[in-house]
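Coordinate analysis (summary)
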Amino acid sequence: MKVQSIEVPQQMEAAWCVAHTRHQHEKSVSEMLITKGFEVFLPLYESTRRWKDRRKVLSMPLFPGYVFVRGAVERRLPVLTTPGVHTIISQGERIATVPEEEIEAIRRTVDGDFSVEPHPFLRCGERVRVARGSLEGVEGILTRKKNLFRLVLSVEMLAQSVAVEIDAMDVVPIVQRNVVALDATQCKQADPPLRTSLAGD
């Protein structure tokens, strides 16, 4: 396996990166990376699957095929050689990083008592900030589905989003305009996420 050498700025050493995994390998990859000493974030949500004779609640990845890992910038090889890992998401020759605030916002939704699930990626719409409650300070896009309001949080690098149910009275517009609830179908889908490999074939 050939790994390209890149210069690592000091401020990036503790940055969050993304490992792209094989299908349904997210949990096993997370466990192995933890044993290697990495800090790993694998956000999960509960999904009810129904069969003819039964139903079962499963814990599913909010971002299928991806695991967030801190410290991969300076320790690429241990990540790339982990069974189940395809690559580390990159931009050209540099490992791409996820802003700390995006990780923190998603962590607070999955750690709280909220209904959260994957959502089509949004770039448009009224940006709002949660003004009260356990998600106070979290920013996202307000949408409406039937009679329910949802706050959509996005990971720009992956062009993927998650949605958490929220009381519309708990949010305020980031700019001084009226809060607008948009249907997700009105928003443009983003380009696919970057998947340039740091490892040679």
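Residues numbered from 1 in each chain as written. Predicted model: local features only at pLDDT ≥ 70, side-chain atom pairs only at ≥ 80, totals over all residues. Heavy atoms only, no water.

1. Things to note about the sheet that holds strand 6 (residues 85-88)
- The four strands are arranged 2-5-1-6 in an open sheet whose pairing can be described as antiparallel. Each edge of the open sheet carries a strand with a single partner, namely strand 2 (39-41) and strand 6. Looking at each pair of strands side by side, their axes are set apart by 35° on average, direction ignored.
- Pairing between strand 1 (residues 16-21) and strand 5 (residues 66-70): five bridges, direction antiparallel. Along strand 5, the bridge assignment pairs W16 with R70.
- Along the sheet, helix 1 (residues 26-35) contacts strand 1, strand 2, strand 5 and strand 6; its crossing angle with strand 5, the most-contacted strand, is approximately 15°.
- Sheet strands in contact with helix 3 (residues 100-111) are strand 1, strand 2 and strand 5, and its direction is about 60° off that of strand 2. (Pairing = 2+ DSSP bridges. Helix = DSSP H or I, 4+ residues; strand = E, 2+ residues; numbered from the N terminus. Axes fitted to C-alpha atoms, helices over the stretch in contact; angles between N-to-C directions. Contact = heavy atoms within 4.5 Å.)

2. Focus on helix 1
- For helix 1, the full list of buried residues reads E26, V29, S30 and L33. Down the axis, helix 1 shows its buried residues gathered within 100° of arc, on one side only. Structural note: helix 1 exposes E31 and T35 on the side pointing more than 90 degrees away from its buried face.
- Of the surrounding elements, those touching the buried residues of helix 1 are strand 1, strand 2, strand 4 (55-61), strand 5, helix 2 (76-80) and strand 6.
- Following helix 1 by one or two positions, G37 has its phi on the positive side, about 95°. (Buried < 20%, exposed > 50% of the residue type's maximum accessible area, 1.4 Å probe, protein only. Arc of directions from axis to C-beta.)

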